[in-house]
Amino acid sequence: MAGVAPAKINLCLGVGAPRPDGFHSLATVYQAIGLYDEVRVRPASECSVTVSGDARLAVADVPTDSSNIAVRAAGLLAAHHGLDAAVAIHIVKGIPVAGGMAGGSADAAATLVACDALWGTATPFEELAVLAGQLGSDVPFALLGETAVGSGHGELVTPLETQGEYWWAVLESPAGLSTPAVYRELDRLRAGTVAPEPEVPAALLEALRQGDVDGLGAALANDLQPAAFRLRPELERNLTTGRGAAPHGALLSGSGPSCLFLCESPEHAAKVVIALGSAGLESVSVATGPVPGARVVS
Ligand code: ATP
């Protein structure tokens, strides 16, 4: 049995102060885009995980022990149903590892739906979403897909009606960036100030309602960018380079290091890929959004 789940991007990412539980409060709009991980599961006497995919996605950095979030997802679903069931998991990565695109969360969501199908447990979506929230902040959105507002620490998701299809050029980075390290840097940069209560910009919601690419580009926002730029100054330079060809909008995906360039058509996206390539930035994918969340494929 196999499941697939998409990468996520944050069209806006407002980050509040750290909460007593260690999470930061967030106000974000997620969009699922057409880069996918596939998770294959088969019955086994004990859980195991193997990973394959293009080396440029840093596949070797994915853990293959019980810390892999896919293993935790299978175990959580089995426990939820009181099953003593183990699976051999194989992950085919299409989403950059530690790229700020929630690849691990996609694997968890794909594992939940694949194991649910394999075991015939027919878990209602609402129950899967609760389990997803126990696995990680971005996992509920990986199940849901499309476009959604995220609140809490990202785990509370509300679907959003949008119009149109958006084209993204995604510049990958040869080395991942640790999400906790980026949040720590943000807290350091904000030391001595009061973090604002995070909000989703009204202009961004309106642009999505209208299918307005210019309006969306103007409203893109990411509070984590200054912190990520401090840790990896080349990211700011890369965004500036790409903006020449993608003037609608450019921003860091989540905590980075993947960079996103908003394009108006597939032809425009192809031009952005060429412009980045001629500046030596060659690891670029093109993806559209929104796309559905995790689903069973066989
Ligand atoms: P986050 O979801 O924390 O924002 P990210 O989107 O930047 O992270 P991920 O690809 O989800 O990046 O990987 C974050 C870390 O989680 C990796 O460095 C890796 O060590 C660990 N990890 C655990 N399981 C997986 C998995 N199945 N795929 C990728 N990374 C995993």
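These lines cover the structure that appears in this document, whether it is placed above or below. (Residues numbered from 1 in each chain as written. Predicted model: local features only at pLDDT ≥ 70, side-chain atom pairs only at ≥ 80, totals over all residues. Heavy atoms only, no water.)

**Quick word on the site of the ligand**
Short version of the rule: It suffices for a single heavy atom of a residue to lie within 4 Å of a molecule or strand for the residue to be listed as near it. Here a polar contact means two N or O atoms within 3.5 Å. Within protein one must be a hydrogen donor candidate and the other an acceptor candidate, and residues neighboring in sequence count only if both atoms are side-chain atoms. The protein chains shown are the only cover counted for residues, whose accessible areas, like all others here, come from Shrake-Rupley with a 1.4 Å probe. Cavity and pocket criteria rest on a 1 Å grid covering protein atoms alone: a 1.4 Å probe that fits but cannot get out defines a cavity, protein on both sides within 12 Å along at least 5 of 7 lines defines an open pocket, and an atom within 4 Å of a point defines a lining residue. Throughout, a molecule is located in a cavity or pocket provided that more than half of its atoms lie within 2 Å of its grid points. Secondary structure elements are taken from DSSP: a helix is a run of H or I of four residues or more, a strand is a run of E of two residues or more, and numbering for both begins at the N terminus. Residues are grouped as follows: Ala, Val, Leu, Ile, Met, Phe, Trp, Tyr, Cys and Pro are nonpolar; Asp, Glu, Lys and Arg are charged; all remaining types, including Gly, are polar.
Taken together, 19 residues are adjacent to the ligand, and Ala98, Gly100, Ala102, Gly104 and Asp107 come closest. Between the ligand and Ile69 there is a distance of 3.2 Å, counted from a nitrogen atom to a backbone nitrogen or oxygen. Between the ligand and the protein, one listed contact pairs an oxygen atom with a backbone N or O atom of Gly99 at 3.4 Å. Protein burial of the ligand: of its 600 Å² of free accessible surface, 75% is covered by the chains. Comparing atom positions with the cavity grids shows the ligand to sit within the largest pocket. For the shell around the ligand, the secondary structure elements donating two or more residues are strand E4 (86–93) and helix H2 (103–119). Counting residues per element, the shell around the ligand draws most heavily on H2, which supplies three residues. The residue makeup of the shell around the ligand, split by class, is nine nonpolar, six polar and four charged.

**Description of the layout of surface pockets**
To be explicit about the condition: Grid points are joined across faces, edges and corners, and a volume is the space filled by probe spheres set on the points.
Approximately 970 Å³ is the volume attributed to the largest pocket. Along the walls of the largest pocket sit 41 residues, with Ala102, Ser105, Asp138, Thr179 and Pro180 positioned nearest its centre. Among the elements of the structure, strand E1 (2–18), strand E2 (24–44), helix H1 (69–80), H2 and helix H5 (179–189) are those that each provide at least two residues to the lining of the largest pocket.

**Overview of the packing of H2 against helix H3 (residues 125–135)**
For clarity, the cut-off: Angular values range over 0 to 180 degrees, each being the angle between N-to-C directions of two axes fitted as lines to C-alpha atoms, with helices fitted over their stretch in contact. What makes a crossing left-handed is the near helix being turned counterclockwise from the far one by less than a right angle; a clockwise turn instead makes it right-handed. Note on definitions: a residue-residue contact is assigned when non-hydrogen atoms from the two residues lie within 4.5 Å.
Relative to each other, H2 and H3 sit at 145 degrees, their axes nearing to 10 Å. Taken as a pair, H2 and H3 cross one another with a handedness that is right-handed. Contacts from Ala108, Leu112 and Val113 of H2 reach H3 at Leu128, Ala132 and Leu135. In the contact of H2 with H3, the residues fall into six nonpolar, no polar and no charged.

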